[in-house]
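Structural overview
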Amino acid sequence: LAKTTQPISMDSYEGQEVNITCSHNNIATNDYITWYQQFPSQGPRFIIQGYKTKVTNEVASLFIPADRKSSTLSLPRVSLSDTAVYYCLVGDRGGSYIPTFGRGTSLIVHP
Amino acid sequence: GAVVSQHPSWVICKSGTSVKIECRSLDFQATTMFWYRQFPKQSLMLMATSNEGSKATYEQGVEKDKFLINHASLTLSTLTVTSAHPEDSSFYICSATTPSLNYGYTFGSGTRLTVV
(Lines give C-alpha, C1' and ligand atoms only; values in the text may rest on other atoms or scores of the structure.)
Protein backbone atom coordinates (compact mmCIF):
# COMPACT_ATOMS: atom_id res chain seq x y z
CA LEU A 1 0.00 0.00 0.00
CA ALA A 2 1.53 3.27 -1.10
CA LYS A 3 2.21 5.57 1.84
CA THR A 4 1.55 9.26 1.41
CA THR A 5 3.21 12.28 2.97
CA GLN A 6 1.62 15.72 3.08
CA PRO A 7 2.35 18.94 4.93
CA ILE A 8 0.51 18.98 8.22
CA SER A 9 -0.84 22.48 7.79
CA MET A 10 -0.96 25.39 5.39
CA ASP A 11 -2.19 28.95 5.61
CA SER A 12 -3.51 31.09 2.81
CA TYR A 13 -5.63 34.15 2.17
CA GLU A 14 -8.85 34.60 0.32
CA GLY A 15 -8.44 34.85 -3.42
CA GLN A 16 -5.07 33.13 -3.54
CA GLU A 17 -4.25 29.89 -5.30
CA VAL A 18 -3.32 27.07 -2.96
CA ASN A 19 -1.17 24.13 -3.96
CA ILE A 20 -0.94 21.11 -1.67
CA THR A 21 1.66 18.53 -2.57
CA CYS A 22 1.51 14.87 -1.65
CA SER A 23 4.46 12.50 -1.87
CA HIS A 24 3.84 8.85 -2.74
CA ASN A 25 7.22 7.42 -3.65
CA ASN A 26 6.15 3.78 -3.83
CA ILE A 27 3.04 4.27 -5.94
CA ALA A 28 2.19 1.16 -7.95
CA THR A 29 1.44 0.97 -11.66
CA ASN A 30 -2.28 0.45 -11.13
CA ASP A 31 -2.67 3.08 -8.42
CA TYR A 32 -4.80 6.18 -8.82
CA ILE A 33 -4.46 9.34 -6.76
CA THR A 34 -7.55 10.67 -5.05
CA TRP A 35 -8.03 13.78 -2.96
CA TYR A 36 -10.72 14.27 -0.35
CA GLN A 37 -11.84 17.30 1.63
CA GLN A 38 -13.15 17.07 5.16
CA PHE A 39 -14.87 19.74 7.21
CA PRO A 40 -15.18 19.38 11.00
CA SER A 41 -17.80 16.84 12.04
CA GLN A 42 -18.47 15.77 8.46
CA GLY A 43 -17.44 12.82 6.36
CA PRO A 44 -14.77 13.23 3.67
CA ARG A 45 -15.93 14.55 0.33
CA PHE A 46 -14.39 13.53 -3.00
CA ILE A 47 -12.57 16.37 -4.75
CA ILE A 48 -10.65 14.91 -7.65
CA GLN A 49 -8.95 11.78 -8.92
CA GLY A 50 -6.23 11.23 -11.47
CA TYR A 51 -3.69 8.78 -12.85
CA LYS A 52 -1.20 10.94 -14.71
CA THR A 53 -0.56 14.41 -16.14
CA LYS A 54 -3.34 16.85 -15.32
CA VAL A 55 -6.95 16.55 -14.33
CA THR A 56 -9.28 19.49 -13.85
CA ASN A 57 -12.82 19.75 -12.62
CA GLU A 58 -15.03 22.56 -11.44
CA VAL A 59 -13.38 22.86 -8.04
CA ALA A 60 -9.73 21.87 -8.41
CA SER A 61 -6.87 20.71 -10.58
CA LEU A 62 -4.58 17.78 -9.98
CA PHE A 63 -1.07 17.77 -11.37
CA ILE A 64 0.83 14.51 -11.57
CA PRO A 65 4.40 14.43 -12.90
CA ALA A 66 5.62 11.71 -15.21
CA ASP A 67 7.20 9.63 -12.43
CA ARG A 68 3.94 9.80 -10.44
CA LYS A 69 5.87 9.90 -7.17
CA SER A 70 4.05 13.02 -6.11
CA SER A 71 0.93 14.96 -6.93
CA THR A 72 -0.27 18.50 -6.36
CA LEU A 73 -3.80 19.56 -5.61
CA SER A 74 -4.42 23.08 -6.81
CA LEU A 75 -7.31 25.13 -5.46
CA PRO A 76 -7.83 28.32 -7.44
CA ARG A 77 -8.87 31.49 -5.64
CA VAL A 78 -9.66 29.99 -2.26
CA SER A 79 -12.35 31.37 0.00
CA LEU A 80 -12.95 31.05 3.72
CA SER A 81 -15.18 28.06 3.04
CA ASP A 82 -12.20 26.13 1.71
CA THR A 83 -10.81 25.91 5.24
CA ALA A 84 -10.73 22.17 5.79
CA VAL A 85 -8.48 19.13 5.99
CA TYR A 86 -7.36 17.71 2.67
CA TYR A 87 -6.35 14.08 2.30
CA CYS A 88 -4.37 12.46 -0.49
CA LEU A 89 -5.04 8.74 -1.00
CA VAL A 90 -3.29 6.36 -3.35
CA GLY A 91 -4.59 2.98 -4.44
CA ASP A 92 -5.85 0.92 -7.31
CA ARG A 93 -9.50 0.85 -8.25
CA GLY A 94 -9.82 -2.88 -7.84
CA GLY A 95 -12.13 -4.50 -5.36
CA SER A 96 -9.41 -5.14 -2.82
CA TYR A 97 -8.50 -1.50 -2.30
CA ILE A 98 -9.30 -0.08 1.12
CA PRO A 99 -9.18 3.72 1.49
CA THR A 100 -6.53 4.41 4.10
CA PHE A 101 -6.09 7.94 5.35
CA GLY A 102 -2.86 9.62 6.33
CA ARG A 103 -2.67 12.71 8.49
CA GLY A 104 -3.92 15.09 5.84
CA THR A 105 -3.22 18.79 5.41
CA SER A 106 -5.12 21.30 7.48
CA LEU A 107 -5.69 24.34 5.29
CA ILE A 108 -6.70 27.58 6.96
CA VAL A 109 -7.86 30.40 4.73
CA HIS A 110 -7.66 33.85 6.29
CA PRO A 111 -9.72 36.90 5.34
CA GLY B 1 -25.63 9.98 -7.46
CA ALA B 2 -23.69 7.71 -5.08
CA VAL B 3 -25.14 9.02 -1.84
CA VAL B 4 -24.48 7.40 1.51
CA SER B 5 -26.77 8.28 4.37
CA GLN B 6 -25.61 7.81 7.94
CA HIS B 7 -27.91 7.96 10.93
CA PRO B 8 -27.99 9.30 13.55
CA SER B 9 -25.76 12.32 13.07
CA TRP B 10 -25.17 12.49 16.79
CA VAL B 11 -26.08 10.42 19.81
CA ILE B 12 -25.52 10.64 23.54
CA CYS B 13 -25.77 7.48 25.57
CA LYS B 14 -25.12 6.33 29.09
CA SER B 15 -22.12 4.23 29.91
CA GLY B 16 -22.91 0.54 29.64
CA THR B 17 -25.63 0.87 27.02
CA SER B 18 -25.45 -0.04 23.35
CA VAL B 19 -25.79 2.23 20.37
CA LYS B 20 -26.54 1.35 16.75
CA ILE B 21 -25.39 3.45 13.82
CA GLU B 22 -26.86 2.90 10.37
CA CYS B 23 -25.21 3.43 7.02
CA ARG B 24 -27.34 3.27 3.88
CA SER B 25 -26.44 3.57 0.24
CA LEU B 26 -29.37 5.46 -1.24
CA ASP B 27 -28.95 5.11 -4.99
CA PHE B 28 -26.61 2.21 -5.47
CA GLN B 29 -25.96 -1.24 -4.11
CA ALA B 30 -22.89 -1.26 -1.93
CA THR B 31 -20.95 -4.48 -2.18
CA THR B 32 -18.44 -3.26 0.38
CA MET B 33 -18.74 -0.88 3.28
CA PHE B 34 -16.07 0.46 5.58
CA TRP B 35 -16.31 1.84 9.09
CA TYR B 36 -13.91 4.44 10.41
CA ARG B 37 -13.39 6.14 13.73
CA GLN B 38 -11.96 9.61 14.08
CA PHE B 39 -10.79 11.25 17.28
CA PRO B 40 -10.45 15.04 17.53
CA LYS B 41 -7.64 16.50 15.45
CA GLN B 42 -6.76 13.06 14.12
CA SER B 43 -7.19 11.26 10.84
CA LEU B 44 -9.73 8.58 10.01
CA MET B 45 -8.80 5.18 11.38
CA LEU B 46 -10.23 2.15 9.64
CA MET B 47 -12.10 -0.11 12.01
CA ALA B 48 -13.50 -2.79 9.75
CA THR B 49 -14.48 -3.78 6.24
CA SER B 50 -17.77 -5.50 5.57
CA ASN B 51 -19.04 -7.27 2.49
CA GLU B 52 -22.69 -7.98 2.02
CA GLY B 53 -23.68 -11.32 3.44
CA SER B 54 -20.38 -12.14 5.08
CA LYS B 55 -18.65 -11.41 8.36
CA ALA B 56 -16.79 -8.18 8.75
CA THR B 57 -13.01 -8.05 8.71
CA TYR B 58 -11.72 -6.07 11.65
CA GLU B 59 -8.49 -4.14 11.82
CA GLN B 60 -5.92 -5.10 14.40
CA GLY B 61 -6.78 -3.73 17.80
CA VAL B 62 -10.49 -3.32 17.12
CA GLU B 63 -12.65 -5.48 19.38
CA LYS B 64 -15.11 -7.32 17.20
CA ASP B 65 -17.30 -8.23 20.17
CA LYS B 66 -17.59 -4.59 21.12
CA PHE B 67 -18.10 -3.14 17.67
CA LEU B 68 -20.66 -5.36 15.98
CA ILE B 69 -20.99 -4.85 12.24
CA ASN B 70 -23.83 -6.24 10.20
CA HIS B 71 -24.06 -5.91 6.42
CA ALA B 72 -27.20 -7.86 5.80
CA SER B 73 -28.21 -6.17 2.57
CA LEU B 74 -26.58 -4.36 -0.32
CA THR B 75 -27.89 -1.03 0.92
CA LEU B 76 -27.49 -1.22 4.68
CA SER B 77 -24.67 -1.75 7.12
CA THR B 78 -24.94 -1.19 10.85
CA LEU B 79 -22.34 -0.62 13.54
CA THR B 80 -23.40 -1.39 17.08
CA VAL B 81 -21.22 -0.17 19.90
CA THR B 82 -21.97 -2.54 22.75
CA SER B 83 -21.52 -1.68 26.41
CA ALA B 84 -20.28 1.75 25.48
CA HIS B 85 -17.79 3.55 27.68
CA PRO B 86 -16.60 7.16 27.64
CA GLU B 87 -13.45 6.16 25.75
CA ASP B 88 -15.69 5.03 22.88
CA SER B 89 -16.78 8.60 22.39
CA SER B 90 -15.68 9.51 18.90
CA PHE B 91 -16.79 10.41 15.40
CA TYR B 92 -17.78 7.32 13.42
CA ILE B 93 -17.87 7.44 9.61
CA CYS B 94 -19.00 4.85 7.10
CA SER B 95 -18.02 4.54 3.46
CA ALA B 96 -19.40 2.46 0.65
CA THR B 97 -18.34 1.35 -2.79
CA THR B 98 -19.42 -0.90 -5.60
CA PRO B 99 -18.06 -1.94 -9.00
CA SER B 100 -20.63 0.21 -10.75
CA LEU B 101 -18.91 3.28 -9.30
CA ASN B 102 -15.61 2.11 -10.72
CA TYR B 103 -14.71 1.66 -7.07
CA GLY B 104 -15.16 5.29 -6.20
CA TYR B 105 -15.75 5.69 -2.49
CA THR B 106 -18.58 7.67 -0.98
CA PHE B 107 -18.62 8.62 2.68
CA GLY B 108 -21.46 9.16 5.07
CA SER B 109 -21.79 12.39 7.02
CA GLY B 110 -20.60 10.76 10.23
CA THR B 111 -22.04 10.09 13.68
CA ARG B 112 -20.83 11.88 16.78
CA LEU B 113 -21.07 9.47 19.70
CA THR B 114 -20.78 10.80 23.23
CA VAL B 115 -20.86 8.34 26.10
CA VAL B 116 -21.59 9.86 29.49
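Residues numbered from 1 in each chain as written. Chains lettered and ligands numbered in written order. Predicted model: local features only at pLDDT ≥ 70, side-chain atom pairs only at ≥ 80, totals over all residues. Heavy atoms only, no water.

Let's talk about the overall build of chain B
What chain B contains, in helices and strands, is zero helices and eleven strands. Going from N to C terminus, chain B has its helices and strands arranged as β-β-β-β-β-β-β-β-β-β-β. Computed over the C-alpha atoms, the radius of gyration of chain B is 13 Å, within 12% of the 13 Å expected from 2.2 N^0.38 for a compact globule of 116 residues. Counting only C-alpha atoms, chain B reaches 40 × 25 × 20 Å along its principal axes. When the 116 residues of chain B are sorted by exposure, 48% land in the buried category. Look at the contacts in chain B between residues 6 or more apart in sequence, and 54% of them connect residues 24 or more apart. Accessible area of chain B: about 5,600 Å², with a carbon and sulfur share of 52%. Treating the 9 positive side-chain charges of chain B as one cloud and the 8 negative ones as another, the clouds have centres 5 Å apart. (Helix = DSSP H or I, 4+ residues; strand = E, 2+ residues; numbered from the N terminus. Rg over C-alpha atoms; globule rule 2.2 N^0.38 Å. Buried < 20%, exposed > 50% of the residue type's maximum accessible area, 1.4 Å probe, protein only. Contact = heavy atoms within 4.5 Å. Areas by Shrake-Rupley, 256 points an atom, 1.4 Å probe, with all protein chains shown as cover. Lys, Arg positive; Asp, Glu negative; His and termini not counted. Charge placed at Lys NZ, Arg CZ, Asp CG, Glu CD.)

Describing the packing of aromatic side chains
Taken as a whole and judged by the stated rule, the model has ten aromatic pairs over all chains. Summarising the aromatic geometry, the rings of Y36 of chain B and F107 of chain B are spaced 5.9 Å apart at their centres and angled 45° between planes, so their arrangement reads as tilted. One end of the pair, Y36 of chain B, is in strand 4 (residues 32–38); the other, F107 of chain B, is in strand 10 (residues 106–107), and 71 residues separate them in sequence. According to the relative accessible area criterion, Y36 of chain B is buried, its value standing at 0%. Among the residues examined, F107 of chain B registers a relative accessible area of 8% and is labelled buried. Among the aromatic residues, ring-to-ring pairing joins Y36, F46, Y87 and F101 of chain A together with Y36 and F107 of chain B into one connected group. (Phe/Tyr/Trp six-rings, centres within 6.5 Å; stacked < 30°, edge-to-face > 60°.)

A word on the layout of surface pockets
Over the atoms, a rolling probe the size of a water molecule traces out where space has been left empty. Approximately 630 Å³ is the volume attributed to the largest pocket. Lining of the largest pocket is provided by 25 residues; of these, V85 and S106 of chain A together with Q38, K41 and Q42 of chain B occupy positions nearest its centre. Of all elements in the fold, only strand 8 (84–91) and strand 9 (105–110) of chain A reach the threshold of two or more residues within the lining of the largest pocket. When residues of the lining of the largest pocket are assigned to their parent elements, the largest contribution, four residues, is made by strand 9 of chain A. Residues belonging to the lining of the largest pocket are distributed by class as follows: eleven nonpolar, eleven polar and three charged. (1 Å grid on protein atoms, 1.4 Å probe; cavity = no way out; pocket = protein on both sides within 12 Å on 5 of 7 lines; lining within 4 Å. Points joined across faces, edges and corners; volume = space filled by probe spheres on them. Nonpolar A, V, L, I, M, F, W, Y, C, P; charged D, E, K, R; others polar.)

Describing the environment of F46 of chain A
Residue and element names in this part refer to chain A. Following the sequence through the fold, F46 ends up in strand 4 (residues 45–50). On the basis of relative accessible area, F46 is assigned to the partly exposed category, the value being 42%. Once you skip the residues sitting within four places of it in the chain, F46 turns out to touch T34, W35 and Y36.

A short note on the sheet that holds strand 8 (residues 76–81) of chain B
All names here are of chain B. Across the sheet, which stays open at both edges, the four strands sit in the order 1-3-8-7 with antiparallel pairing between neighbours. Taken across any chain shown, the strands that pair with only one partner, and hence form the sheet edges, are strand 1 (4–7) and strand 7 (67–73). In this sheet, neighbouring strand axes are inclined to one another by 15° on average, regardless of whether the strands run parallel or antiparallel. As paired elements, strand 7 and strand 8 share five bridges and run antiparallel to each other. Pairing of F67 across the sheet is with V81, part of strand 8. (Pairing = 2+ DSSP bridges. Axes fitted to C-alpha atoms, helices over the stretch in contact; angles between N-to-C directions.)

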